[in-house]
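# Examining the three-dimensional arrangement
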Amino acid sequence: MRTYRIAAIPGDGIGIEVIAAGLTVLESLQRSDGGFRLDVAHFDWGSAYYGKHGRMMPEDGLATLRPFDAIYFGAVGSPDVPDHITLWGLRIAICQGFDQYANVRPTRILPGLSSPLRDCAPGDLDWVIVRENSEGEYAGVGGRAHRGLPEETAMETAVFTRHGVERIMRFAFELASKRPRKHLTVVTKSNAQRHGMVLWDEIAAEIGRECAGVTVDKELVDAMTVRMTLKPKTIDVVVATNLHADILSDLAAALAGSIGIAPTANLDPERRFPSMFEPIHGSAFDIMGRGLANPIGAFWSAVMMLEHLGEAAAAGRLMRAIERVTESGPRTADLGGSAKTAAVTRAVCEALAAVPA
Ligand code: GGG
């Protein structure tokens, strides 16, 4: 029996509900598969932990996580703790600490769901957004001075290194080369940001010359929002900076039907450290504790985790079960239904029984 050690960190808000749902579905999958086992350790890190200990995770949190095969993460964000403390104290601390530099965000319109875009059929929107996940606008470089005085100053410096840009470009080109359309769109803002973004364009052109099988085009991030909305069929794989891709992937999720369905893999492609899998949505404190959260984003993230672990057949089965449920319901309110998290979770477990192992 193949055994994988999984660290479950539900975090805050609806993260707690959707990770519990995801683990239920994963248990059901393991039982019916029979070939692998997930040995899950639970960590109560997040804003409640911060309230007790003054930090989002213990000082040796990364050392604790290091031996795991993967991390299954919920969300961060709380009304009681400033957002930059929750984000940097847990999610970014793990992503940067484990050099999970490739953040991969697939988007497509799942069966039975519809796009808010007029005339956009399921096959018309099938994208993967690759978010640089280790530097750029999230490098953490900057500072504040003269607090409270009229000359108060804050600086937030984006950092783009040749090493960082080359490796995310190579990752994105390779991913594009494995997809049927083999097309990559490089997103920047190199008309206005004439240093780091111009380096992106130059490195994209260099790597592009090595990857003849992939067609490439360039788009400014503002124009990209228009193209995503008006010409979704022209897009396949997108590579963009940490901040740009974060914004574009929220738009992508909404265009595919709901942010509640969208998954993420935070990958260390070299596998020196555990990679982390999470729905792209945040903690949604407005609906937390009411059983209303859409668990599909957490389920699809579990599919990505299984793929990363090498359990492609189980991943495929879980994805087919998810698609059966998006097709025939039940659906949560964000998808136009009235079902609760538990009903969708039960339905996916039942659908698994109907998808052959
Ligand atoms: N599960 C994703 C999550 O918790 N996101 C919280 C958030 O605020 N993320 C901002 C970012 O990743 O840039």
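Refer to the preceding data block for the structure.
Right, let's walk through the structure included here. (Residues numbered from 1 in each chain as written. Predicted model: local features only at pLDDT ≥ 70, side-chain atom pairs only at ≥ 80, totals over all residues. Heavy atoms only, no water.)

Right, let's talk about the pairing of strand 1 (residues 2–11) for a bit. Counting buried positions along strand 1 yields 7 of 10 residues, so the element is predominantly enclosed. One ladder, built from 7 bridges, connects strand 1 with strand 2 (residues 36–42); its direction is parallel. Paired with Y4 across the two strands is L38, which belongs to strand 2. The handedness of the strand 1 to strand 2 crossover, carried by helix 1 (residues 14–33), is right-handed. Pairing geometry for strand 1 and strand 3 (residues 70–75), over 5 bridges, is parallel. The partner of G11 across the bridge, within strand 3, is A75. (Buried < 20%, exposed > 50% of the residue type's maximum accessible area, 1.4 Å probe, protein only. Helix = DSSP H or I, 4+ residues; strand = E, 2+ residues; numbered from the N terminus. Pairing = 2+ DSSP bridges. Right-handed = clockwise from strand over helix to strand, strands pointing away.)

A few words now on the site of the ligand. Surrounding the ligand, one finds G74, A75, V76, L87, R91, R131, Y138, D246, E278, P279, I280 and H281. In this structure, an oxygen atom belonging to the ligand sits 3.3 Å away from a side-chain N or O atom of D246. Isolated, the ligand exposes 360 Å² of accessible area, and the fraction of that covered by the protein chains is 83%. Of all elements in the fold, only strand 3, helix 4 (83–97) and strand 12 (275–279) reach the threshold of two or more residues within the shell around the ligand. Mapping the shell around the ligand onto the domain boundaries places at least three of its residues in each of domain 1 (1–105 + 258–357) and domain 2 (115–140 + 156–256). (Near = heavy atom within 4 Å. Polar contact = N/O pair within 3.5 Å; in protein donor to acceptor, adjacent residues only side chain to side chain. Areas by Shrake-Rupley, 256 points an atom, 1.4 Å probe, with all protein chains shown as cover. Domains from an automatic or database assignment.)

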